[in-house]
Every structure is written in C-alpha cells, then in structure tokens.
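Observations on the three-dimensional arrangement
Below, each chain spelled out in residue letters.
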Amino acid sequence: MNRKWRTAGVVALTGVLGMTALVGCGETPASGQPSIAPHADKASSGHAIGGTISMIGGPGGTFVNENNPFAPGANNSPAEPIIYEPLAQWNSANGKYIPWLATSWTWNASNTVLTVQLRHGVKWSNGTAFTSKDVAFTFNMLHKYPASDFNGLWSYLKSVSADGPYAVKFTLKKPNSMFFYYMASQTVIVPEAIWSHENPTTWVNPHPVGTGPYVLSSFTPETVTMTRNPHYWQGPKPYLQTIKFPAEQSNTTTVLSLAQNQIQWGGTFSFDLQRSYVNRDPKDNHVGLYPNGMDVLYVNNQVYPMNLQVVRQAMSLAINRTQLANVAWSGYSPAVKDLTGITPGMDKTWSTPTLQHDYAVQYNPTKAKQMLLKAGFKMGANGTLLTPKGKPFNITIDVPTPYTDFTAASQQIAQQLKQIGINVTLQNNSANTYYNKLQQGQFDIGICWSPWGANPFFTLYPFMSQQFSKPMGQNASANFERYDNPQVEALGQKFLQTNDQSKQVPIVRQLAKIFATQLPVIPLTYRNTPIEYSTKNIGGWPTSSNPYWNLNEGNLPVLVNLYWHN
Amino acid sequence: MARRSQGWQFIASKLGLYILIFWAAITLNFIIPRLMPGNPASALMAKSQGKMPPSALKALEDAFGINTHVSLWRQYLGYLRNTVTGHMGISFTNFPVPVAKVIGEMLPWTLFLIGLSTIIAFFIGNILGLYSAWRRGGKIADALPVAFTVISAMPYFWIALALLYFLGFSLNWFPISHAIGSNIKAGWNFQSIGSVIDHATLPAFSIVVTSMGGWMMQMRNNLISILSHDYVQLAQMKGLPEPEVMRNYGARNAMLPVLTSFAMSLGFVVGGAVLVEDVFNYPGIGYALVEAVGNSDYPLMQGIFLIIVSAVLLANLIVDLLYTFLDPRIRRA
C-alpha cells in the first residue's frame, strides 16, 4: 500500500512579489513587513461572500473531535490550524514574517527582551476581545505544562508578561535568534478565559473558540464542516462561506475525488498526477510544488569507515542524483544543485555564487574510486573494496518499506555505491523502526528528510550540533549521524547571539562551507510537496506567477484569500 | 436428569477453558506491543516528516509518559485491572481522546458493513454450494466452482479497485468513498438510511462476490462427501423425496463444520477489513488498527485486540454450546 506516500516536486519559488497592499483592518504593519494580498486590485473591492470548498487536511483516516493544538495527537482535527492563529506567519515563499495577531516587535539592545505589539480590534469567536492577557497566558501555560511545549520555548524563556492591554514582553535567559520563529510563527494563541480551567495536555476541547477566519459548525468522524467567522479581524475576508474536510485514508479515492472535483484542494502524492488529475481538466486542475527542505543520506559518523571524511565525499561523488530524482520522485523533487544545505528560495539571501560554484554537485564514480584507493582502500577479489584495516567494505542501508520513494531511492543508491566497490545491503523496516534506528544511531546509512525552518541555520545547526545529538542508543532529535565539531558549536553560539541578519549571513556561509566539505550527511534532493487545487469555482490561489504563500506552511493565509466564482 | 447435569458439566468445563484462553490472550496482548521497536513519540516524529521541531521529542515523551519508571510487573497488574473494569486508556494517535470513544465511533460501521456482507455471503454461498453439489454434472452446477475459483484467485484489492473505478468513478452509479453523505446527519430517517445503503452497496458487493466462493466450495465439498455415505443411499433407496434427503440427510450434516467457520468469521468481523476500508475509504476498526500499529499506539492496539479476542471467543463459545444441541455425539464424548 502506498498510502503512506511521501512527497516530491519541482519548482523553486523564486520570484517573490513586491507585496505592499494590506490585509485586515487597515492597520499599517511595521515597515519591511509585507503582508499578503494576492489580488490587491480585487481585494480592495472585495469578493462576494459564499461558496464551499472541500479540502483534505492530510491523509490519516477518520477524525475525532479534538481541537487542542497543545495535545500531541497524530490525527488532530483539521479545524485546529484554522481556528487558532499565531502572532506572525512566517512566509517561506519570500523568507519574511507577516504580522498577524501581532503588528510589530522590537528587541532590546542585548537581544534578551522582546516587546510585541498586538493588533487592536481582534475578537475571539465568542465575541470577547483578544488582549495581551491571552498571549501572556498562553505562553505561561506552556511553562506550567512542559508536555505541551513542543517548540521547547521555555528552554530559552525566563518570563512572559503583559505590558498594557496590547503589548507583551518576553524575557529570555540569554539571546537566542531561533526563538522568534518558534514563538511567533509556530505557537498559536488561545483565550485565557476558557483555557485557564483546563489541562492543555489532556483536554479534548470539543467546542473551540479562536480568533481564526472559520468556526467549527458540525463534526462527524467522516466530515468536519466549518463556517465563516463573521467577526474575523480581516473582514470582509474570508470570502468562502463553508469549508468541508472529508476524511481520507486512501490515495485512490482521494485522487478520484479530486478528479471528480468533489475535493478542490488536496495534498496527495501519486506517481502520475498529470494523467490522473491534471489531464482530466487541464484548464482548472493544477498541481503546485512547494519546497519543504531536503532529503539527505544520513551517514553514521561514529561507524568506521564512514567516520572518515574522504569516504563520505567519495560516496557523494558516486551518487547519481538526477537518476535518483527521476526514478524515486517522478521528478517532483529535483536533485540538489550544491552541497551547502542552503535550499532554493533561501539561496539569494544566504548563499553566494562562489559557494554554489565551489560546492556544486558532481557525479564522478571514477574519481570517487580513485579517492578511496588513494586513502588506503584496496580492491578486493570480488569487486568489493577492502578498508585500510583489511575488512571488506560492507554496509547496510535502512529502508522504511511504507515510504515508496525512499525505498526506490535506497535501491538506486545501493546499486550506485556497488559500482565503486561499496557493498550495500538493503534492510527493510516499518516506518517506526526505521526512524527509531536513525534516532538511536543504530544504522550505517539511511535516507531521511532534513530539519527545516526560517533560514538555513534551522537546517545546518540541527544537522551538525551536539545540542541535537545524544549518545548512541538514545534518541537524538536531529543529529542522527552524531557529527561532532567544536567549530560548529562556536559558530552556532555566535549566530544565536544576534538577530541582525547582516551578522547572521556570514555565519551561515561558514557553516555551509563546513557542511559541504565534511558532509556529515549527504544532500540528495530538494524535497517538494505536490498540492492539487482546482480553479474551476475557486480563485485566489498562490500560483507560480504569484507565489504569495508556500502551501506547506499551513493553509490559513490562503484560505482567507480564496473566493467563489462561477 | 442425569443427562441434563452432564450437559451443565460440559458447559462449565467449556466456560473454564474459555476463561483460561481469554487470560492467555490478554496477556499476549500486553506483551506483544511492548516487544515492538520504537515508541509512540518517535512514531509521531516520523509521521510528521520533519514538520515537528526537534525539540518536540521531549515534550511528546513527557505527554505519553514514555520514560516512566513503573516496573513491567506493576504495569501488567494495572493493565489486568483496567481490562476487567473496561478502562482502555487514552489513544496516542488521537491523543487525548479515550480508546473507548475511538472504537465506539468505528465499530458500528464495521459491524454493519462487514457483518452484513459476511452474513449475505454465507447464505448465498451455502445455497449455491448445496445446489452445485446436488445437481453436480449439470452445466451451471459445474460451472459455479470454476467461476468462483477464478474470482478467489484474483487479489481482493484488484476486484475492489475495478468496481470502484467502473461503477463508482466512470459510471458514477455509486459514491466512491465514505459511509454517509457529507451533508447528511446520521439518524433514523429515510434520507440518512438511504445514504448509508447507497454508500455501503459497492463495498458490500465487493466483499460478497469475493468471499462467497469460499462458502460455496466448503459446502459443496462437505455435501458431496456426505452424499456418498451409506445412510444417504439408504434414504434414497427407501424412496424418500429428493428434497427431504438433501435437507435432512445431506445439508444438516454438511452444515456442522460450516457453522464453525461461520462463527469464526463472525468473530473476526469486529477486526474489520483493512483492504475494504482502505479502498472504499470506509470508516472502520481495521484501518484504525493499522494506524495504531504504525503509530505504536499501544492503548488503541490493545483495545482493538481485546474486542477481537472477546468476539472470537464468544462466537466460538456460542457455537460450542450450540453443538451440544445440534450434534448429540458431542455431548456424549
């Protein structure tokens, strides 16, 4: 069964719009903070209100009526991310924050106190006013219940307090430039009046009250229905009257429902979306591809001979990434262009043409073999290399069988490495076992996704820092390969001290250089998610010519802009 | 009188045996999930595919109580107590929703679709089996086993997908997913029942078509072997009417082993049918079980296994007891 698909895609969101028009109730965001207005010309006149969209919130079977963003379930209600809103939205389409429940924010000189100004006139869906008390309450609640603090905010925070009705002060233990992303864009705000009586880790929250554009109107295990919140602060938005989330557990019926236009917005991977979906109605059926980090080959840096830099470099040279991308990802996810770990869209700000050129990907198995022979490896009798210690170079690649793309890619890699004399055996696992092996460092090599966030630091630092590692046998959070380099830790500390992008950029470039040279992990492809959407009756989508939002980063900013037309 | 107490003794010894089997089953139910590698926190991180920040791992472990230091023996005692008192805990996948609620929402659909299709397939299959054994040598009677052997040789999902594609998608005669229309509130009214039947037709048809062959073959083989027995020939020679020979001498005896399989399959109905639920996007226990295994959701897994074990044992117990009335030989043994 390929229900547990994973994703793929092309298209780097390059051109970023000059977006100047405003969302919402006419307040001016802080300068340099553009907002979303996909159809600025039409938005001013507004669209008629009405219409229904059916969308899938993510495959995973039937729903349970649980709308608690701080409870750690795998099958949360799809309503949750549309009911609760964060202080700011991070827009990976242009790398900028969009002021949302907050309008502006400032750091003090030592980067330890952040003052956030809140939007006036925002109301909870039960009609009460949204104030700084709700914001302070939400963050202090996460302090009280660490099991709900998924972003680990209180490892940085000292205190959070309201500063008048429309400002909140966050005091940090020490400067941390990753904090803002997790605090502002990855944490949603809940109303104090309701949540102060509840335990956020275990409360089901059957009747959610939020600030978002839609409210829950009916719930069944198979369909969640939401209707427009008439008090929404971006009024007259949202334009669509109703959103329906049908539960989907099968790829087959999802693609058929999409083709029948019963679902207008999907996120399903299928090897041939062009034929099964787009060609059914080429004018209105579209597949957009949205970047979502990288897929890399994790190489265990604690296991001989992969702890040798030259071995990792040789492996990188021996992998034909273009073939990999075509076979395993139908070309949706393209081969990485360079080894820096800086993904398209971020490269304009964070990389340089020199870096991109110096560390451009090469495919050269002959050179790879020569490098290994020069490093003391010998060719064995049966075509398998002998390590300098005289043992045959046999390794295992761990494969998550349910992820068809990783399985196909792993088979390719095994064949390609065999050509330079590395004997790779495939080991099939359940998804759960495979991931656990990676976390615990009980593997030789294995393909997995990269950490990802507001800038390349969110990828490079977790990949390489000991902060994200653990001794073998314990669960590491990101540095599965157990790379250890004091230079990275020093650069990381320097980066965390400053919120000034002009100071951050050179640090990221140094980290990228270390990453590309030492290859703690081997970058393979840029990971793209295909999203299916129909323009038959619904307009306002981010398109390749107007990529105002990356649909991977949540659907709320797009939902408020969609409108019905005939 | 003596015969009656013998009957009760038999029932009591059967009950004792079933309690022992039940204990063994729920103990395995406790042990097996804990032998699986990984834990629910890593499973959830794996499932989020990089969308959860690295720091979430610790919070998840706290929430699920994974790094608990309660000894395995105490966990087992707590589990036994909870099983007896019907507390199945909180599902990790649907955290913090209780397992009982998750199962409660799925079970009626599974019972309805799979249960009803199993019963229909059983009746049609057996009648066809009787017919094809009784009339063997006839064109239709001899074509039936061949036709159903071909159908059973085809993979279920292939037939289901073909039905889904042609009858559901191309011809648009039946809805292609879900158990009820999205605009309809489930209830005891004409519109709602109509929608449920409309949605169940295609999956039910696929189950009946693929499973009735098995019933037919079993009945046919039993009957043919019984019809060769001396007492049947004696009955025929006595000049009893054909239908009576078939009913009283053939079918009644052929029925006994079939009844055991029927009870087994009724017991397994609560386990759902993963492929049916997956292909037709039908809500049910089978899919929930697959999800639970994938997510290391021990409480949900244990809850579903508990229900399956109880249902299978109960169905077998009932058949065992029924046998004592249907087949006097067993009572005497």
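This is a predicted model, so every value here is computed, not measured.

Parameters and conventions
- Residues numbered from 1 in each chain as written.
- Chains lettered and ligands numbered in written order.
- Predicted model: local features only at pLDDT ≥ 70, side-chain atom pairs only at ≥ 80, totals over all residues.
- Heavy atoms only, no water.
- Helix = DSSP H or I, 4+ residues; strand = E, 2+ residues; numbered from the N terminus.
- Buried < 20%, exposed > 50% of the residue type's maximum accessible area, 1.4 Å probe, protein only.
- Contact = heavy atoms within 4.5 Å.
- Areas by Shrake-Rupley, 256 points an atom, 1.4 Å probe, with all protein chains shown as cover.
- Lys, Arg positive; Asp, Glu negative; His and termini not counted.
- Charge placed at Lys NZ, Arg CZ, Asp CG, Glu CD.
- Salt bridge = Lys/Arg side-chain N within 4 Å of Asp/Glu carboxyl O.
- Pairing = 2+ DSSP bridges.
- Axes fitted to C-alpha atoms, helices over the stretch in contact; angles between N-to-C directions.
- Buried area = accessible area lost by both parts, 1.4 Å probe.
- Polar contact = N/O pair within 3.5 Å; in protein donor to acceptor, adjacent residues only side chain to side chain.
- pLDDT = per-residue confidence, 0-100.

Attention shifts here to the overall build of chain B. For chain B, the count of helices and strands is 14 helices and 0 strands. Helices (α) and strands (β) of chain B occur, in sequence order from the N terminus, as α-α-α-α-α-α-α-α-α-α-α-α-α-α. Projected onto the principal axes, the alpha-carbon positions of chain B cover approximately 85 × 60 × 40 Å. Scored against the burial criterion, the 333 residues of chain B give a buried share of 48%. A separation threshold of at least 6 residues defines the contact pool for chain B, and within that pool the share at least 24 residues apart is 72%. For chain B, the exposed area adds up to about 16800 Å²; of that, 70% sits on carbon and sulfur atoms. Side chains of chain B give 21 positive and 14 negative charges; the mean places of these two sets differ by 9 Å.

All names here are of chain B. Scanning the model with the defined rule gives 9 salt bridges over all chains in all. With its nearest N and O atoms 3.1 Å apart, the salt bridge here joins Lys 14 to Asp 320. Separated by 306 residues along the polypeptide, Lys 14 in helix α1 (residues 2-35) and Asp 320 in helix α13 (residues 298-326) bring together distant segments of the chain.

Residue and element names in this part refer to chain A. Summarising burial for strand β7 (residues 167-172): 5 of the 6 residues are buried, a large majority. Where strand β5 (residues 113-118) and β7 come together, 5 bridges link them in antiparallel fashion. Bridged to Gln 117 within β7 is Ala 167. Strand direction decides the pairing type here: strand β6 (residues 157-162) and β7, joined by 5 bridges, are antiparallel. Across the sheet, the residue bridging to Ser 159 is Thr 171, located in β7. Connecting the antiparallel pair β6 and β7 is a turn made up of 4 residues, with Gly 164 showing a positive phi of about 80 degrees.

A word on the sheet that holds strand β8 (residues 214-219) of chain A. Whenever strands of a sheet pair, they do so through backbone hydrogen bonds, lying parallel or antiparallel. Residue and element names in this part refer to chain A. Overall, mixed pairing links the 4 strands, which are arranged β1-β10-β9-β8 in an open sheet. The sheet is open, and its two edges are formed by β1 (52-54) and β8, each paired on a single side. Averaged over neighbouring strand pairs, the angle between their axes works out to 25 degrees when direction is ignored. Judged from the 5 bridges that link them, strand β9 (residues 223-228) and strand β10 (residues 242-246) form a sheet pairing that is antiparallel.

Turning our eyes to something else, we now look at the interface of chain B and chain A. At the interface, 57 residues of chain B touch 60 residues of chain A. Both faces considered, chain B and chain A share a buried interface measuring about 4800 Å² in area, 57% of it formed by carbon and sulfur atoms. When the buried area of chain B at its contact with chain A is split by residue, Gln 49, Pro 54 and Phe 169 of chain B rank highest and sum to 13% of it. Remark: the boundary between chain B and chain A carries 12 residue pairs in polar contact (both at pLDDT 80 or more).

A few words now on the confidence of the model for chain A. Of the residues in chain A, 91% reach a pLDDT of 70 or more, and the chain-wide mean stands at 88. For residues 1-44 of chain A, every residue scores under 50 in pLDDT, and the model assigns this stretch 131 contacts once sequence neighbours within four places are set aside.

We now examine the environment of Thr 535 of chain A. Residue and element names in this part refer to chain A. Residue position: Thr 535 is located in the loop between β18 (521-534) and β19 (538-539). Sequence-wise, Thr 535 and Lys 169 are 366 residues apart; in three dimensions their C-alpha atoms are separated by 43 Å. Leave out the neighbours within four places in its chain, and Thr 535 touches Lys 283, Asp 284, His 286, Trp 541 and His 565.

Let's shift gears to unusual backbone geometry. With omega at -5 degrees, the peptide bond leading from Lys 237 of chain A into Pro 238 of chain A counts as cis. Residue Phe 95 of chain B is joined to Pro 96 of chain B through a cis peptide bond whose omega torsion reads 0 degrees. Along the chain, Pro 96 of chain B turns up in the loop between α4 (72-85) and α5 (99-134). The phi dihedral of His 178 of chain B falls on the positive side, at around 75 degrees, and the residue is not glycine. By secondary structure assignment, the location of His 178 of chain B is in the loop between α7 (156-170) and α8 (190-227). Phi at Asn 281 of chain B takes a positive value of approximately 50 degrees, unusual for a residue other than glycine. In this fold, Asn 281 of chain B is placed in the loop between α11 (274-279) and α12 (285-294).

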